[in-house]
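Letter by letter, the chains look like this.
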Amino acid sequence: MADKTYKVLLTNSILRQEHERLARHAEVIVAPRTDGDTLRALIADVDGLIVRAKLPDDIFDYQTRLKGVVRHGVGLDMIPMGEASRKKIPVANIPGSNTASVVEYCLNAMFYLRRNLARLDLDKNKLDWDATRTPANGMSELAGQTLGIVGVGAIGGALATVAVALGMRVIGLARRKESLPSYVEFCDKRQLFSQADIVVLSCPLTPQTQGLVDAQTLAFMKSSSLLINVSRGPVVHTQALVQALLDKKLGGAALDVHDVQPIPAGLYPDELDNLLLTPHVAGITESSMARMSIGSVDEIVRALQGRRFANLVNPDVYS
């Protein structure tokens, strides 16, 4: 039976078993919608908040007793962190929860754009052997290519390990050169974009990374290069990327994140057959969602019990 002393708000549903576990510690409310007005009204008397949707910037002006906020995942751009810290509200995330999922997505995107097996799948009725084999002549191996990673954190570092195992050279752009693994060569921005055969964006969205990949940056890239974005949509200047693809100045792109989600109709021309678009699912698998739900409930229970978050991201709230 739920402890009615506490109340926890979920912006979206979580794993059923974890919802039930949380309900043994508090009354659990799932927001019926995630618009700003709904969330502002619901947060007024809750003790904990688990976040899977973008919060309005002023959300914390409407809370009265919030003990902690947990991001059901890793990225913190859905939470107004400055306001949380100013109001001394602890925030946690679940680091590493989606690393394997995002790395596997990146690999899938590379193989899709470099060696798309779907194009080589024999029609089971026609079995047109010669015609189906022909596209293989223009496909390329990953081995021997240079992978450039922008943001060599948990995801970028894990991807680098796999890429080296595949025989790729790996170069990286990071805030601190000394943080790079020994098998990742440090490059500045121009070097990375001009040398890489494949560029993966796995950096957080910050004022420094917003618009990082603009027309000038795309011009550095080889006409055969690929761009894969698993960071956040605004890291890439969308219209500049579309133009580069239309002008054949880029070999292809895979975008899992977008400026506006869902994507508005007509944003990407139909003729872009070298563009893979996915609906922000790189980090979503059955396994990763379970890790996020388990970790989120663990953290919220800590907050309800008056304990410090294990994965606190704004320690300044205690200063």
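These figures come from a predicted structure and were not determined experimentally. (Residues numbered from 1 in each chain as written. Predicted model: local features only at pLDDT ≥ 70, side-chain atom pairs only at ≥ 80, totals over all residues. Heavy atoms only, no water.)

Caption draft 1: Looking closely at unusual backbone geometry. With omega at 0°, the peptide bond leading from Gln-261 into Pro-262 counts as cis. Of note in this structure, Lys-88 is not a glycine but carries a positive phi near 60°. With respect to the helices, strands and loops of the structure, Lys-88 is situated in the loop between α3 (81-86) and β5 (91-92). Lys-88 gets classed as partly exposed once you look at its relative accessible area, which sits at 45%. Non-glycine residue Lys-248 carries a positive phi angle of around 60°. With respect to the element layout, Lys-248 can be found in the loop between α9 (238-246) and β11 (252-255). By relative accessible area, Lys-248 is classed as exposed at 56%. (Helix = DSSP H or I, 4+ residues; strand = E, 2+ residues; numbered from the N terminus. Buried < 20%, exposed > 50% of the residue type's maximum accessible area, 1.4 Å probe, protein only.)

Caption draft 2: Structural detail: the pattern of salt bridges. Tallied over the entire structure, the rule returns 17 salt bridges. Residues Arg-40 and Asp-37 are paired through a salt bridge, measuring 3.0 Å at the closest nitrogen-oxygen approach. Highlighted residues: Arg-40 and Asp-37, both in helix α2 (residues 36-42), separated by 3 residues, approximately one helical turn. With a shortest N-O distance of 2.7 Å, Glu-83 and Arg-86 are connected by a salt bridge. Of this pair, Glu-83 and Arg-86 both sit in helix α3, 3 residues apart, which is roughly one turn of that helix. In this structure Arg-86 comes out as exposed when scored by relative accessible area, which is 60%. One continuous salt-bridge network, built from bridges that share partners, spans Glu-18, Arg-21 and Asp-298. (Salt bridge = Lys/Arg side-chain N within 4 Å of Asp/Glu carboxyl O.)

Caption draft 3: Region of interest: the sheet that holds strand β3 (residues 48-51). One open sheet holds the 5 strands; their spatial order is β2-β1-β3-β4-β5, and the pairing between them is parallel. Unpaired on one side and paired on the other, β2 (27-30) and β5 mark the two borders of the sheet. Strand direction decides the pairing type here: β3 and strand β4 (residues 68-71), joined by 4 bridges, are parallel. Within β4, the residue paired with Leu-49 across the bridge is Val-69. Of the strands in this sheet, β1 (7-10), β3, β4 and β5 are in contact with helix α10 (residues 286-304), which crosses β4 at around 175°. (Pairing = 2+ DSSP bridges. Contact = heavy atoms within 4.5 Å. Axes fitted to C-alpha atoms, helices over the stretch in contact; angles between N-to-C directions.)

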